[in-house]
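# What the coordinates show
If you want the building blocks of each chain, they are given just below.
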Amino acid sequence: MGIDATFGQIVLLWIGRTAFLAFVAALLGWLGICALDALTPRIHERQRVGQDPVAVGLFVGGFMIMIGLVIHGVVTGPVLVGAGLVQSIVDPVRLSLIAISFAVSLLVGVALLYILDRLTPNIPFSSVEESPIAVGLYVFGYLIFFGLILNAALKTPL
């Protein structure tokens, strides 16, 4: 009733799947920051973060938390049992869910940010641009938000 694989093969499959999805998440995180630059033209994320070491530290910390959430999602999420090696690592249905989650979370996140900005006129969101540390904290929050979205997409049973 079980799969015919050695413990070593299972460990290699797990490592391959984890590494592949961590690289996919890193690429999507970078694309998300590029998209934030385009969708929030008053805040120049990539430019401002590099202007202060604290902002860089916040960015790196947020990135590490995002990757940690992705690894947690990979390890605790469902795996295709009995499928071929490539399909177990590169599950097209799971990758589609990740892509959809990326697009929806980015659009919903930016839309909610705009709505919240309009509902709270006494809190000028664009003032974040004035400080590289504030921009670093903003990007830190986005990376954690995105990591949680990816974690859910990886753990969702299909």
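The numbering scheme is per chain: residues are counted from 1 as the chain's sequence reads. Owing to the predicted nature of the model, reporting of local features is limited to residues with pLDDT of at least 70; listing and counting of side-chain atom pairs is limited to 80 or more, with chain, interface and lining totals taken over all residues. With hydrogens and water excluded, all non-hydrogen atoms of the structure serve as input to the side-chain values.

### Let's talk about the packing of helix α1 (residues 7-39) against helix α5 (residues 92-119)
It is at 11 Å that the axes of α1 and α5 come closest, and there the two elements cross at 30°. It follows from the interaxial angle that α1 and α5 lie roughly parallel. Pair α1 / α5 crosses with right-handed handedness. Contacts from Phe 20, Leu 21, Leu 28, Leu 31, Gly 32, Ala 35, Leu 36 and Leu 39 in α1 reach Leu 95, Ile 98, Phe 102, Leu 106, Val 110 and Tyr 114 in α5. A fitted line through C-alpha atoms serves as each axis, taken over the contacting stretch for helices, and the angle formed by two N-to-C directions is quoted from 0 to 180°. Here a helix means four or more residues in a row that DSSP labels H or I, a strand means two or more in a row labelled E, and each is numbered from the N terminus. Here the word oblique covers every angle except those under 35 degrees (roughly parallel), over 145 (roughly antiparallel) and from 65 to 115 (roughly perpendicular). For any pair of crossing helices, the crossing counts as left-handed if the nearer helix is rotated counterclockwise from the farther one by less than a right angle, and right-handed if it is rotated clockwise. Pairs of residues are marked as contacts when any of their non-hydrogen atoms sit within 4.5 Å.

### What about helix α3 (residues 53-76)?
Helix span, expected: 1.5 Å multiplied by one less than the number of residues in the helix. Compared with the 34 Å implied by 1.5 Å per residue over 24 residues, the 34 Å span of α3 between its first and last C-alpha is a close match. Along α3, the residues classified as buried are Ala 55, Leu 58, Gly 62, Met 66, Ile 67, Leu 69, Val 70, Gly 73 and Val 74. For α3, the N-terminal capping position is held by Asp 52, with its side-chain oxygen 2.7 Å away from the main-chain nitrogen of Val 54. Buried means the residue's accessible area, taken with a 1.4 Å probe over protein chains only, is under 20% of the maximum for its type, while exposed means over 50%, and partly exposed covers the values in between. Between N or O atoms, a polar contact is any pair within 3.5 Å; within protein, one atom must be a potential hydrogen donor and the other a potential acceptor, and residues adjacent in sequence are included only when both atoms are from side chains.

### Topic: the nonpolar core
Ranked by size, the top nonpolar core spans 28 residues in total, and within it Ile 98, Val 139, Tyr 142 and Phe 146 carry the most contacts. Those elements that provide at least two residues to this core are α1, α3, α5 and α6 (132-155). In terms of residue count, the dominant contributor to this core is α6 (9 residues). Dropping the residues within four chain positions of it, Phe 146 is found in contact with Ala 25, Leu 28, Gly 29, Met 66, Phe 102 and Ser 105. What is meant by a nonpolar core is a set of buried Ala, Val, Leu, Ile, Met, Phe, Trp, Tyr and Cys residues, joined one to another through side-chain atoms within 4.5 Å.

### Description of the packing of aromatic side chains
Put simply, two rings from Phe, Tyr or Trp (the six-membered ring, in Trp's case) pair if the centres are within 6.5 Å, and we call them stacked under 30 degrees between planes, edge-to-face over 60, tilted for the rest. Applying the stated criterion across every chain yields a total of 3 aromatic pairs. Both rings, one in Tyr 142 and one in Phe 145, keep their centres 6.5 Å apart while their planes meet at 45°; by these two values the pair is tilted. Taken together, the residues Tyr 142 and Phe 145, both in helix α6 and 3 residues apart, mark about one turn of the helix. Classification of Phe 145 as partly exposed rests on a relative accessible area of 34%. Members of the aromatic cluster, each reached through a chain of ring pairs, are Phe 102, Tyr 142, Phe 145 and Phe 146.

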